[in-house]
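Chain by chain, the residues:
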Amino acid sequence: MHIALFTDFHPGTVGGIQTSVAAQYRGARRLGHRVTVFTAPGPESTEPDPDLVVLSPVRALSVNGFAAVLPTRANARLIDAVFAERGPVDIVHTQTTYGVAVAGVKAARRHGIPLVQTIHSRDDVFIQHTSPAPYPAALAMRALHNSVLPHRGRMPRNPESRSARHAWHTMIAQAQAADAVIVPSAHFAERLRAHGLAGRLHVISNGVDDDLLDELEATPPADGRDATALGADLGATARRADAGPLRVLWCARLSAEKRPLAAIEAVLRVPGAVLDVYGDGDQLAAARELAGADPRIRFHGARSQRDCLHAMREHDILLFPSLGFDTQGMALLEAAAAGLPVVYCDAALSESVPPGGGVLTGPEPDAIAAALRTLADSPAGLETRRTAIAATPFPARQSALSAEITAVYAELIADPPHARMPRTPAEVPTAPGRLPLLGHSIAALRDSLGFVRSLAAVGPVVRVYLGPRPAYVLTTPELIRQVGFGTAGEFHRDDLRAAMHEVVRGASNVLAGPPHELRRRMIAPALRRRRLQDYAAVTAGIADEWAAALPGTVNLMESAHALVLDTISATLFTADFGAAAKAEVRRNIPWLLAQVVQRAALPDAVNRARFLADRRFAAKAAALRGEIGAVVRAYRADGRDHRDVLSALIGHVDAETGARLGDEEIVDELILMLAAGVGSTASILAWVWYETLRSPEIAKAVRAELDTEVGAGPVEPDHLYRLPYLRRVILETLRYWGPWVSTQNADGPVTFDGLTLPDGAVVVYSPYLVHHDPRHYPDPARFDPERWAPERVDGIDRKAVLPFGVGARHCPGNNFALLTITLATAALFTHWNPALDSGYRVRPSSGDFVAAPSRLPVTLRPRTGR
Ligand code: HEM
């Protein structure tokens, strides 16, 4: 597998986490896995490592001597580029709680990769001891962390300072963001649980690198006595000469939380002891000052893990006085590996000391000194402890631990938690990037399509905030069908109904339940295939006329809109006395529809304040309804079938109930057809042209087919069935640019696969999201009409084909839309050779439920032969 490790501490720096992470990646490689390490900048002398990726730090900011990295967009881009180049990544494993680790969490969520977090350190104690102002530091860290990785829920109270509590909030949030959490010791796992971390915690010890252990085993001790295998004899080989001083070793950072000063003070009080200090840190000066000129305290500076291990072979005791900080204590493990007894002060660390191999003492220098004195006076006591260590199998060989860690990875990869259905609303993950108050509005407005695409990787149901109110996005076709077929419960559209109210009062798209079913039955005959034959003749004529009249340079987006508006209104009412209503439609519908979209998107409070716009909206809506109402009455008086939509609506009697549509209901449905049909069809039409024009192969194939089937024209209804290649281009356009949002409200509680959402919950789905999910469409970012070729189409899961929705609200105008798009495209390309303006870059605008190219500027050259 390919593992991406994220750590804020560069492996070239010294420290317990660094040592542990380095052992982990060497261990994973030893097991045959690939590892890429993302980290902060390290010391300049560090050898370049192709598997190490250094993220950009915040300039001139370092925390405790370490470069600070933030999860910026530039770092996200770098991570994405490395994933693309070296990927696919199977698992992300974050090891810290700072910027690099947060960037790792975000990358895992962006790419839908399972995420493991190891919590190594007690940030609460660390901040308390090392920061000059612990409270503001912990608070600032929590606020910063919360702004990029939202903190959820409440944390149980524990007896601790306010700064410690802030630090715990950050640690718990970091752990909660992961799919699995690893901790190095059981006592630390208990603390995390006491702070509210739920779910499974894996206790897997830190480890010591196999090569180092093998080397230690093979190296003779410096005093020349035989080296034997790690185990029974190793302790004995390092035996102190009875007459010499007690050789005490310090192997840790010289930092307050490790308590080096207590160690030095203790040794100074034991005349028969010497102390070798291996380590560096901000308490070095204080430590030197305390040691004064006493030659028994010897400072050796920061040393490698290898040096420390070998030093352990040359000493009698490791002094490890840290208290309430270490979650395991790497040096304790190393001492066990080297057969070295320890004196320590933290009872919780007994877990890391082989039974009988250490002396637990009080934390005061006096108590530590007393323990050392006893050992100095009694070499037999040391011997007993060495024998006890030797008798205990060493538990922390890295290869064995790496096998445990990779088992955790494998379990997550086999059953990715982000694909699991949440059982309660509280378990529904929130989309990354939520801002205070604004929620996800900025992300959704800036790049709606990219935002929607990113949600599939978050989970089957994702919570998003477009303002303060949550909405639940369904990301799988199976869940979407549960809305479409009503198995999840009832839904209504009262929000949309309010936004449309003056112009459309009770049309099918805002009705719910039995009235909706009845209305659908009533309008269905108007859009039946048999009727479409008649509409196709009208549509072909309009398309041919429109194409012939196009100027040499044109914005095809605008032109598509005008064409579709004319086409649909012409098929609604063909009789001569509909002319005035058609003119009214052309004059007012585009503005009214733009207003409906705005009203639906704006919060109620803003809508209430838009008096002037509201008055204008009401006046135009009344004028439009009045004109169309007059045509309906004229049709009724006339009594003939004009073979158009209006005649069909007037003439239909519901077989089940005997119901007929009233005038106002017919006005509603006619306006709805314009509202739902014009923008959507025009946008897809423009995308068909754009996709054709930007690919020379597709353009060539479309033209070749038209040459054969339509020749010099004119376009006729029959051509609809004779253009299979164009049909594939249209189907692929509907996949690629299909509707990006559909919203409804739960009418009472609704239940999806065991997850119950409350009454009123806003439930959203996006055909566009499903159409761009690689689980349903391989290489989804590729526009490839051949997906729909007869030999490949069977490989597409029909449930994931959603351009016209699904179930009860499936678009009744789908065939009409396909007909219009096919005939208009045929007309355009039989008349002209369009070319996109050079330098033109498309910009999708997602103001409506189908995104549109904001412009489509082309130059038209006549087809030769016409
Ligand atoms: C390419 C063009 C079109 C696309 C992509 C499209 C897509 C859709 C979708 C996805 C829905 C379901 C929305 C939901 O979840 O509630 C829908 C509903 C609807 N569409 Fe279309 N549509 C198109 C063209 C048309 C046309 C040309 C008409 C009419 C002539 C039309 C009339 C309707 C109506 C009346 C509804 C509401 C159905 C209901 O709620 O029961 N659409 N459309």
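Residues numbered from 1 in each chain as written. Predicted model: local features only at pLDDT ≥ 70, side-chain atom pairs only at ≥ 80, totals over all residues. Heavy atoms only, no water.

Below, the discussion takes up the site of the ligand. Lining the immediate surroundings of the ligand are 26 residues, of which Arg 493, His 516, Arg 520, Ser 742 and Cys 811 lie closest. At a separation of 2.7 Å, an oxygen atom of the ligand approaches a polar side-chain atom of His 516. A distance of 3.0 Å separates an oxygen atom of the ligand from a polar side-chain atom of Tyr 765. A per-element tally of the shell around the ligand places helix 28 (residues 663-694) first, with 7 residues. Residue classes in the shell around the ligand are distributed as 14 nonpolar, 9 polar and 3 charged. (Near = heavy atom within 4 Å. Polar contact = N/O pair within 3.5 Å; in protein donor to acceptor, adjacent residues only side chain to side chain. Helix = DSSP H or I, 4+ residues; strand = E, 2+ residues; numbered from the N terminus. Nonpolar A, V, L, I, M, F, W, Y, C, P; charged D, E, K, R; others polar.)

Moving on, we come to the sheet that holds strand 24 (residues 832-836). Pairing is antiparallel across the open sheet formed by 3 strands, whose spatial order is 19-27-24. Single-partner strands in this sheet number two, and they are strand 19 (553-555) and strand 24. Direction aside, neighbouring strands of the sheet carry axes that sit 35 degrees apart on average. Sheet topology note: the strand 19/strand 27 (residues 857-862) ladder contains 3 bridges and is antiparallel. (Pairing = 2+ DSSP bridges. Axes fitted to C-alpha atoms, helices over the stretch in contact; angles between N-to-C directions.)

This part takes up the nonpolar core. Counting 142 residues, the largest nonpolar core has Val 503, Phe 573, Ile 628, Leu 646, Leu 670, Trp 689 and Phe 752 as the members making the most contacts within it. The greatest single-element share of this core, amounting to 18 residues, is contributed by helix 28. Each of domain 3 (420-492 + 740-782) and domain 4 (506-739 + 803-862) contributes no fewer than three residues to this core. (Core = buried A, V, L, I, M, F, W, Y, C linked by side-chain atoms within 4.5 Å. Buried < 20%, exposed > 50% of the residue type's maximum accessible area, 1.4 Å probe, protein only. Domains from an automatic or database assignment.)

Below, the discussion takes up the environment of Ala 613. Note on placement: Ala 613 falls in helix 26 (residues 611-638). Spatially, the C-alpha atoms of Ala 613 and Gln 595 are 8.6 Å apart, while their sequence positions differ by 18 residues. Apart from the residues lying within four places of it in its own chain, the contact partners of Ala 613 are Trp 591 and Gln 595. (Contact = heavy atoms within 4.5 Å.)

Let's shift gears to the state of the cysteines. For the structure on display, the rule yields 0 disulfides. We note that Cys 345 lacks a disulfide partner, and the nearest cysteine sulfur, in Cys 251, lies 16 Å from it. Taking relative accessible area as the criterion, Cys 345 reaches 7% and is therefore assigned buried. (Disulfide = S-S within 2.5 Å.)

The subject of this paragraph is the domain arrangement of the protein. In terms of domain boundaries, the protein breaks down into domain 1 (2-203), domain 2 (210-395), domain 3 (420-492 + 740-782) and domain 4 (506-739 + 803-862). If you average the C-alpha positions of domain 3 and of domain 4, the two centres end up 28 Å apart. Listed as interface residues are 22 residues of domain 3 and, on the opposing side, 21 residues of domain 4. Both faces combined, the contact of domain 3 with domain 4 buries some 1500 Å², and carbon together with sulfur accounts for 55% of it. At the surface where domain 3 touches domain 4, the tally comes to 0 salt bridges. Where domain 3 touches domain 4, the interface holds 11 residue pairs in polar contact (both at pLDDT 80 or more). For the side of domain 3 that touches domain 4, the elements supplying multiple residues, two or more each, are helix 18 (448-454), helix 19 (477-484), strand 18 (491-492) and helix 31 (767-771). Broken down by class, the residue content of the side of domain 3 that touches domain 4 amounts to 12 nonpolar, 7 polar and 3 charged. (Buried area = accessible area lost by both parts, 1.4 Å probe. Salt bridge = Lys/Arg side-chain N within 4 Å of Asp/Glu carboxyl O.)

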